[in-house]
Each structure stands twice: as C-alpha cells, then as structure tokens.
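Understanding the architecture of this molecule
Each chain is listed here by its residues.
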Amino acid sequence: MTHATPRGRTVCIVGAGIVGAATAYALAREGWQVTLVDARPAPGLGESRANGAQLSYSYVEPLATPAALRALPGWLLSDDSPLRWRPRPEAAHLRWLAAFVAACRWSEVRRTTAALLALSGLSRTTLQRWLAEQPGIAGAALHRQPGKLVLYRDAAARAAVERQLAWQRALGCTQRVVNADECRALEPALGASAAAGGGPIAFGVWTADEEVIDASLLAQALVDASGATRCFGSPALGFELRGGRVVALRLAGRTLEADQFVLAAGPACAELLQPLGWAPAIEPIRGYSITLPVVDAAVAPRASVTDQGRKLVYARLGEQLRVAGFAELCGLDRRIDPRRIAALCDAVRETFPGACRFVDPQPWAGLRPATPGGRPLVGATRWPGLWLNAGHGALGLTLAGGSAALITDLMSGRHAAIETRPFSVEPA
Ligand SMILES: Cc1cc2nc3c(=O)[nH]c(=O)nc-3n(C[C@H](O)[C@H](O)[C@H](O)COP(=O)(O)OP(=O)(O)OC[C@H]3O[C@@H](n4cnc5c(N)ncnc54)[C@H](O)[C@@H]3O)c2cc1C
C-alpha cells in the first residue's frame, strides 16, 4: 500500500494481534506511516493465535449478565463448569470483579449489547471492504460465510432466547429459532451426533450471515497488506513523556519516536501503562482450543456451530476443525489444563463422531482481554499522543475491523461512523 504521508501522521502501534494488525491496515490505507511493534516474532501469535475463528456479528451479549451473577458461586466451587474462577487477592482483580458485578444489570446489558451491535455492524462492513480491496486475503485467511447455528439443550431457555432475538431484530439482526429437525437439516453433520454428554438438541438459533476466518492468518495478511514497518521480536518497555505528551516508545537499547502511538497489546496493556500512573481494567480470561484434521468431510460441520450447553464453538477452517471454549479467571497464567483439552476432544467425538483425527489436537490456551462490562476501550487516553485499542474480551476477532475504523476516524479528527462514547477510554 503506497500513499504520501501527510505531515504529522507517523504512528507507532504496540501489538500485532488481530486488533493491532487491523489498526495498522486501517491507518495505512488512510495515508498514515505505520510502525508496528510486537514482542513476538510475527503477527497474530498472542491471544489471537488459535481462537474460535468466529465472526459472530450478532452474538455480542456481554459475559456480565444477571444470569452470570447467579452462576458466580458455581464457578467458584466447581472444577468442571465451563466457567471457572480462582479469586486472587490483587487489588486490580478485586476492582475488576466489583465492576463486573455492577455491570450485571439488564439495563446495562441492553446498553452494552446495543453498542456492541453497532460496533460489530461497522466491523462487518469494514472487513467486507478490506476483503474486496485485497482479494488475496479471504483465501489466505480461510474466510467463509457458512452461517451460524447455536444449539440449545434446555427447552426452558426458549422463551428468553425468543425475547432476545425480537429485541435484536429491531437493531438489525436477522436470526430465527429452529427446531431440532431443522438444526439437523441446516447442519447435516449433526445427524450422527450422539445425545450422550451434551444431551438431545432442544432447539437452535440460525443466523445465515455469520462468518468464520482464521484470526492469526488474517492478522498476518493485514500486516503484509498495510506495508507497515515491522519491529518484531522487540518487547516494548514503556512510553516516554515530554510535557505530558507521549513522544516515544522505549525498546531494548533504543527508542522509537512517532507523532502518535496506539497501544493494542491485549492483556498486556495494563502492565505497559501502570508506570504512567493509570491502567485500564482489563482482566485476562483464559480459554482453550484444539485444531483437528478433518478425516470425513461428510460428518464434519460446515456451519459455524455453538453448543450453548457446553459453551463451545466449532469452525471449519480449510481441512481442519477448530473447537474452542471455556472461561477461567486465573490471571496471566497461560498453562494448558489437560482436562480441558480432553473435554474438547470428547465433545467432538460425541457431537461429530468420525469427523476428525485426534493424534495431535494442537492444544492451545489464550487469554481474552476483558473489560468488566464487555465494551472494548477504543480512543484517546489522558496523555496526548497515546491512544488505546484494547479490551475486546471474547470478541476481538469480531470487533477488530470496527474498532480499527473507529480509532482511525478519531485519530484523523473525523466524525466517527458510530457513537464513540460507549467505548471511551476515560469515563466522562
Ligand atoms: C479460546 C478463545 C476463543 C476465542 N474465540 C473468539 C472468536 O471465535 N471470535 C472472536 O471474535 N474472538 C474470539 N476470542 C477473543 C480474541 O481471540 C481476542 O479478543 C483477541 O485475540 C484479542 O486481540 P488483541 O490484538 O487485542 O490481543 P493479542 O492478539 O494478544 O495481541 C496483542 C499483541 O501485543 C503483543 N505484546 C504484548 N505485550 C507487548 C510488549 N510489551 N511489547 C510488544 N508487544 C507486546 C503480543 O505479543 C500480541 O501479539 C477468543 C479468545 C480465546 C482465548
């Protein structure tokens, strides 16, 4: 991508995950001269590496809901529940938790869901535009639009789901409730599904326009297409201030100067900002995935499938099946619990028997960088020259394009395409 750089438009982005990569591409296509810094040797190797691959534009309800509040004691006590919480005595963790509890009100859930639907809508159109202008990316990043089927095992949940869909319909989502037979017609691979473990399907929700894409491959392709100067394998050590303004980024043995800086370092943002005297409330929530070779395409899912009972997602990426899930509040611990990997493998065996080979399931654990209420922080910080694009939680892939478009509008001094206040870094 070649554009003349307007004066005062050099930008240094810290973090080349899906959010930083999308930001690099969005700014570069507007003529910004971009330098991208990452501690890892290539883009997309952090929390974006092997995530669930879902572009779930219509499934943005936050984790903090009244139902989550009721379930909280169970997360504390149970070892096999899909969500697990081990309390830590750190002040930041306890503050995050208090804010999470405060966000578990329906009025707040509705406000957040509406704001996230606006951002996900912007993401959808942004990514579609980028895929059209860079025709190689869709193939390279295994992009498809197979639709999404969410499976419910509990018939009693239907009334609440129907209410939620009716409300979302008014905000532009096109989704419908389907019975168990329709689920099997929409996703024939479910025909071989054993009821064991997950239980029989009670009903489903079908969203025809949902998409899948490999987040790591997309990050790499966007960085390539952006033409950004790469500074990889270089951990950022901190920011330098002059007269209250951020003017440089410290790396080992040198500093990088730029007109503007964007921090997009996922769960590491707090650590980089703490020395300046303020850090965002971003809690790492660990999840797991496996990636299995498909051996029988006829019994492997083509649609993107969410098993609501088990809180797992399935996505076909080329000749492989990605299965992801679980949520554990356990700090910056990336260790892989083998019981979670065994549970993912069992779920595939039971839901799509005969579809995959299990010799090397490519176990992975990543940390969702979550704000208490579920809204990412996209915008200016209190230090002129420093912007934040972080805290996308379980939706970083889905929201990356919209967040990148939003921050580009803000940095360019333009009126943004959607309301920016819900994502403000500094509360009003
Ligand atoms: C199991 C699981 C499944 C998921 N499934 C989905 C899904 O299906 N759909 C969806 O939308 N989202 C999903 N997510 C969420 C999504 O993966 C995250 O929200 C997203 O990856 C966050 O992207 P990011 O760019 O903010 O962070 P990252 O991808 O972690 O990028 C941050 C980058 O900053 C770099 N960095 C950190 N510190 C420094 C430093 N000091 N100096 C230089 N570089 C630094 C890191 O190396 C990293 O590359 C899932 C997450 C998990 C864990």
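Residues numbered from 1 in each chain as written. Predicted model: local features only at pLDDT ≥ 70, side-chain atom pairs only at ≥ 80, totals over all residues. Heavy atoms only, no water.

1. Some points on the nonpolar core
Of all hydrophobic cores here, the largest spans 55 residues; its most connected members are I13, V34 and L218. Among the secondary structure elements, those contributing two or more residues to this core are β1 (10–14), α1 (18–28), β2 (33–38), α4 (106–133), α8 (215–226) and α11 (396–411). Element by element, the count of residues in this core is highest for α1, at nine residues. Counting only domains with at least three residues in this core, you end up with domain 1 (10–48 + 217–279 + 374–423) and domain 2 (54–107 + 141–210 + 283–370). Among residues more than four places away in sequence, those in contact with L218 are I18, L127, I137, A141, I213 and L397. The next biggest cluster of nonpolar side chains, apart from the first, holds 30 residues, and it includes V178, C183, I201 and L312. (Core = buried A, V, L, I, M, F, W, Y, C linked by side-chain atoms within 4.5 Å. Buried < 20%, exposed > 50% of the residue type's maximum accessible area, 1.4 Å probe, protein only. Helix = DSSP H or I, 4+ residues; strand = E, 2+ residues; numbered from the N terminus. Domains from an automatic or database assignment. Contact = heavy atoms within 4.5 Å.)

2. A closer look at the sheet that holds β2
Strand order in this open sheet of six strands is β9-β2-β1-β13-β20-β19, and the pairing throughout is mixed. At either end of the open sheet lies a strand with only one pairing partner, and these are β9 (229–232) and β19 (377–380). On average, each strand axis in the sheet is inclined to that of its neighbour by 15°, with strand direction left out of account. Bridge count between β19 and strand β20 (residues 386–390): four bridges; the pairing is antiparallel. Considered in β20, the bridge of G379 is made with L388. (Pairing = 2+ DSSP bridges. Axes fitted to C-alpha atoms, helices over the stretch in contact; angles between N-to-C directions.)

3. Description of the domain arrangement of the protein chain
What the domain assignment lists for the protein chain is domain 1 (10–48 + 217–279 + 374–423) and domain 2 (54–107 + 141–210 + 283–370). On the domain 2 side, the residues contacting the 15 residues of domain 1 number 18 residues. Buried area between domain 1 and domain 2, summed over both chains or domains, comes out near 1300 Å², and the portion from carbon and sulfur atoms is 66%. The largest share of the area that domain 1 buries against domain 2 comes from E47, P267 and T398, three residues that together contribute 40% of it. Linking domain 1 with domain 2 are one salt bridge. For the pair domain 1 and domain 2, the number of links is six residue pairs in polar contact (both at pLDDT 80 or more). (Buried area = accessible area lost by both parts, 1.4 Å probe. Salt bridge = Lys/Arg side-chain N within 4 Å of Asp/Glu carboxyl O. Polar contact = N/O pair within 3.5 Å; in protein donor to acceptor, adjacent residues only side chain to side chain.)

4. Notes on the site of the ligand
Around the ligand, the structure places 36 residues, and the nearest of them are D38, S48, A236, G393 and T398. One of the side-chain nitrogen or oxygen atoms of N51 is found 2.9 Å away from an oxygen atom of the ligand. Backbone polar atom of G52 to a nitrogen atom of the ligand: 2.8 Å apart, as the coordinates give it. For the shell around the ligand, the secondary structure elements donating two or more residues are α1, β14 (283–293), β18 (364–370) and α11. Sort the elements by how many residues they give to the shell around the ligand and β18 lands first, with four residues. Built from parts of two domains, the shell around the ligand gets at least three residues from each of domain 1 (10–48 + 217–279 + 374–423) and domain 2 (54–107 + 141–210 + 283–370). (Near = heavy atom within 4 Å.)

5. Concerning the side chain of R310
When you line up the elements, R310 lands in the loop between β15 (304–307) and β16 (312–317). By relative accessible area, which is 19% here, R310 ends up buried. Here the side chain of R310 touches E350 through a polar contact of 2.5 Å, side chain to side chain.

6. Some remarks on the pairing of strand β13 (residues 260–263)
A regular strand carries its side chains on alternate faces of the sheet. Because side chains alternate across β13, one face comprises the buried residues Q260 and V262, and the other comprises F261 and L263, equally buried. Relative to β13, β1 runs parallel, the two being bridged by four bridges. Across the sheet, V14 pairs through a bridge with L263, a residue of β13. Two strands pair when backbone bridges link them, and β13 and β20 are joined in this way by three bridges, in the parallel orientation. Looking at β20, one finds that V262 is bridged to W387.

7. A look at the packing of α4 against α11
One can describe the packing of α4 onto α11 by two numbers: an axis separation of 7 Å at closest approach and a directional angle of 90°. Taken together, the axes of α4 and α11 lie roughly perpendicular to each other. When α4 is examined against α11, the residues L116, L119, S120, L122, S123, T126 and W130 are found in contact with a partner set consisting of T398, L399, A400, G401, G402, S403, A404, A405 and L406. Among the residues forming the contact of α4 with α11, the class breakdown is nine nonpolar, seven polar and no charged. (Parallel < 35°, antiparallel > 145°, perpendicular 65-115°, else oblique. Nonpolar A, V, L, I, M, F, W, Y, C, P; charged D, E, K, R; others polar.)

8. A look at the environment of P293
Structurally, P293 is set in strand β14. Measuring from C-alpha to C-alpha, the distance between P293 and R322 comes to 9.0 Å, with 29 residues separating the pair along the chain. Leave out the neighbours within four places in its chain, and P293 touches E319, Q320, A355, C356 and R357.

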